[in-house]
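# Geometric and topological summary
Now for the letters of each chain:
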2 protein chains.
Amino acid sequence: MGSVPAVDLDRLVADAREGVPRAVGRLISLVEDGSPHLRELAAALAPHTGHARVVGLTGSPGVGKSTTTSALVSALRADGRRVGVLAVDPSSPFSGGALLGDRVRMGEHATDPGVFIRSMATRGHLGGLAAATPQALRVLDAAGCDVVLVETVGVGQSEVEVVALADTTVVLLAPGMGDGVQAAKAGILEVADVFAVNKADREGADATVRELQHMLSLNRREVGGPSWRPPVVRTVASAGTGIDDLVTALDDHRTWMADHDRLGEGPRRRARAEIEAIALADLRARIRELSGRAALGELAGRVVAGELDPYAAADEVVSSVRG
Amino acid sequence: MGSVPAVDLDRLVADAREGVPRAVGRLISLVEDGSPHLRELAAALAPHTGHARVVGLTGSPGVGKSTTTSALVSALRADGRRVGVLAVDPSSPFSGGALLGDRVRMGEHATDPGVFIRSMATRGHLGGLAAATPQALRVLDAAGCDVVLVETVGVGQSEVEVVALADTTVVLLAPGMGDGVQAAKAGILEVADVFAVNKADREGADATVRELQHMLSLNRREVGGPSWRPPVVRTVASAGTGIDDLVTALDDHRTWMADHDRLGEGPRRRARAEIEAIALADLRARIRELSGRAALGELAGRVVAGELDPYAAADEVVSSVRG
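Residue positions are given per chain, counted from 1 along the sequence in the order it is written. Note on labels: chains are lettered from A, ligands numbered from 1, in written order. Under the rules for a predicted model, residues below a pLDDT of 70 receive no local features and side-chain atom pairs below 80 are neither given nor counted, while totals for whole chains, interfaces and linings still include all residues.

### Describing the overall build of chain A
Quick reminder of the rule: Each helix corresponds to a stretch of at least 4 residues labelled H or I by DSSP, and each strand to a stretch of at least 2 residues labelled E; elements are numbered beginning at the N terminus. To sort residues by exposure, count the other C-beta atoms lying within 10 Å of each residue's C-beta; 20 or more gives buried, 12 or fewer gives exposed, and values between give partly exposed, all with C-beta atoms placed from the backbone. Working definition of a contact: two residues with C-beta atoms, positioned from the backbone, lying within 7 Å.
The helix and strand inventory of chain A stands at 14 helices and 7 strands. Counting every position in chain A, which comprises 323 residues, the buried fraction comes to 51%. Within chain A, counting contacts between residues at least 6 apart in sequence, those at least 24 apart form 77% of the total.

Quick look at the structure:
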């Protein structure tokens, strides 16, 4: 892949720990690009992490994720907390896909030295979002963020995996979008710690809240000890309404987790997901190297010809990887 | 995992080949559930496939994918072709998330014996969409479908992988959604063989078509021989307008691929993706089995404590898998 450009990692990590935005941005870029230095970077960051609390925000397009994220940033900043924002969402304004108005609205935080905003575009990176997101979170953690908001669009497998990395997950809904049902389908209901019904001034908000409460009453998990019951918060993020309630709900969840000695769950889940993703990426790279493009192509040709079924072909690939 | 229920695969495959809808549905359910019989099923189907042509449809939520899919089904049926529809999309009406109107509209095909409609809900299945979709396509192929339409929402890594499995891929846009930019971001531009600007009776349609044509002129791929230039078709799917043009564009692409001796590319791509996905799922299962929940949890704990970086932890996992 060409020569590896020299990177003074120790310097970058030291600067990032001082909160130098350029250094933070550079380190996340390394993560995003699947830099050959990731292994060193992980080792350099490891001792300086463990402070940041990760809050995931997810929901279908149009529910107001970016607006809510922005309003949360304002509320957390007013409270003196350092905030990171990681937008893992191809339709996010941070990745360039949305209306100017949204971009400008988030732009107000762009000049605040207590806020780091970053979009993740990890398409094609080996290990994908599952590997890159925990790494980026570790960079923001080392940079002194108290809270990192991870915004993802609530569709697609990778996105659900990312949501599962948070300490506290907020699922956003909006009235009249049939989102309750969608959320249940997408397995999002199970990962939600807090629900926010945004655009709560619109018609149908009461029905959405009711539907949600009903679904929650059916989904009580009583097995394995006491369980947290996700609160439902009403917000109008564009007007800042209900955002304090949302912050309170987030803090309540954190307190509950602390009281039940479960604060370690999120960090362990992230570490586990990252280890698995890195190991799988390694094995996938071995699949591509060892069996070689030609060999895999030949196997595919035999499957197409009906001479071999794909499981038998996969067996050959696995055998060659396990050498 | 409990006992494996007895399944008369030979009978199911024979019935599916006769076009018995229940048998087709049952086989796709086996695929979707990650049945332990998948290996036998793949072997049983292998000799009976290779006929169906796979057309992918993708685009952001709201561009009218389901309506376009439904209109395409009508046009292909009028032409006497047997059609399969695979909806890989959590927001699809087939998976229960959309408006009643859409569902009713697609419902008209539900009673047509020449149409198989199926949604894929593969969350949690090892190998995910990348493995399950080609398998489901093979079932529909064996069932005698001439064309299988795969509808996916154009966001998320898994969805892009699914789109890449088609012989011909249609990217849908709608005026005024800034989708041109979004499509480029999402890497969708590269996989599009045909563009459809739907809702072409709305304001801004001309601008969307122009923007698209401009982007296409910048993206000409001349390396490695002649390349297909994706046509841009205007449609108003809800009124059936432009659907014949869309069918013509699909057929033109097929003819061009045949003329350039490239019809084998799609099937080989699907076989390859499937082999890789199955091999990776196998390796992932080995990661979980061999290293064991406790062992992986212990590694995660050491990473959280800063004693070990995730790459070193992943090395241990890979070593144990390669054992």
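Next comes the rest of the write-up.
### Comments concerning the nonpolar core
We apply this condition: What makes a nonpolar core is a set of buried Ala, Val, Leu, Ile, Met, Phe, Trp, Tyr and Cys residues, with links drawn between C-beta atoms within 7 Å.
Val139(A), Ile275(A), Val139(B) and Ile275(B) are the most contacted members of the largest nonpolar core, which totals 176 residues. Apart from the residues within four sequence positions on either side, Val139(A) is in contact with Ala16(A), Val24(A), Leu27(A), Ile28(A), Val31(A) and Leu45(A).

### So, unusual backbone geometry
All names here are of chain A. Its identity is not glycine, yet Lys199 carries a phi of approximately 55°, on the positive side. Structurally, Lys199 can be placed in the loop between strand 6 (194–197) and helix 10 (205–218). A residue is classified by how many C-beta atoms lie within 10 Å of it, and Lys199, with 24 of them, is buried. Positive phi is not limited to glycine here, since Asp261 has a value of about 55°. Turning to its location among the elements, Asp261 is positioned in the loop between helix 11 (243–259) and helix 12 (265–290).

### Structural notes on helix 1 (residues 9–17) of chain B
Residue and element names in this part refer to chain B. Condition: An arc is given here, and it is the one of the directions from the helix axis to the C-beta atoms.
Every buried residue of helix 1 is listed here: Leu12, Val13 and Ala16. Down the axis of helix 1, the buried set is contained in an arc of 95°. They therefore lie on one face. In helix 1, the exposed positions angled more than 90 degrees off the buried face are occupied by Asp10 and Arg11. Gly19, located one to two residues past helix 1, shows a positive phi value of around 85°.

### Describing the pairing of strand 6 (residues 194–197) of chain B
Residue and element names in this part refer to chain B. For the record, the criterion: Strand pairing is assigned whenever DSSP detects at least two bridges linking the two strands.
Taking every second residue as pointing to the same face, both faces of strand 6 are buried, with Val194 and Ala196 on one and Phe195 and Val197 on the other. As judged from the 3 bridges shared by strand 6 and strand 7 (residues 232–234), these two strands associate in the parallel manner. From the neighbouring strand, Phe195 faces strand 7, where its bridge partner is Val232.

### Re the environment of Arg229(B)
Tracing the backbone through its elements, the reader meets Arg229(B) in the loop between helix 10 (205–218) and strand 7. It is 9.2 Å that separates the C-alpha atoms of Arg229(B) and His253(B), two residues lying 24 residues apart in sequence.

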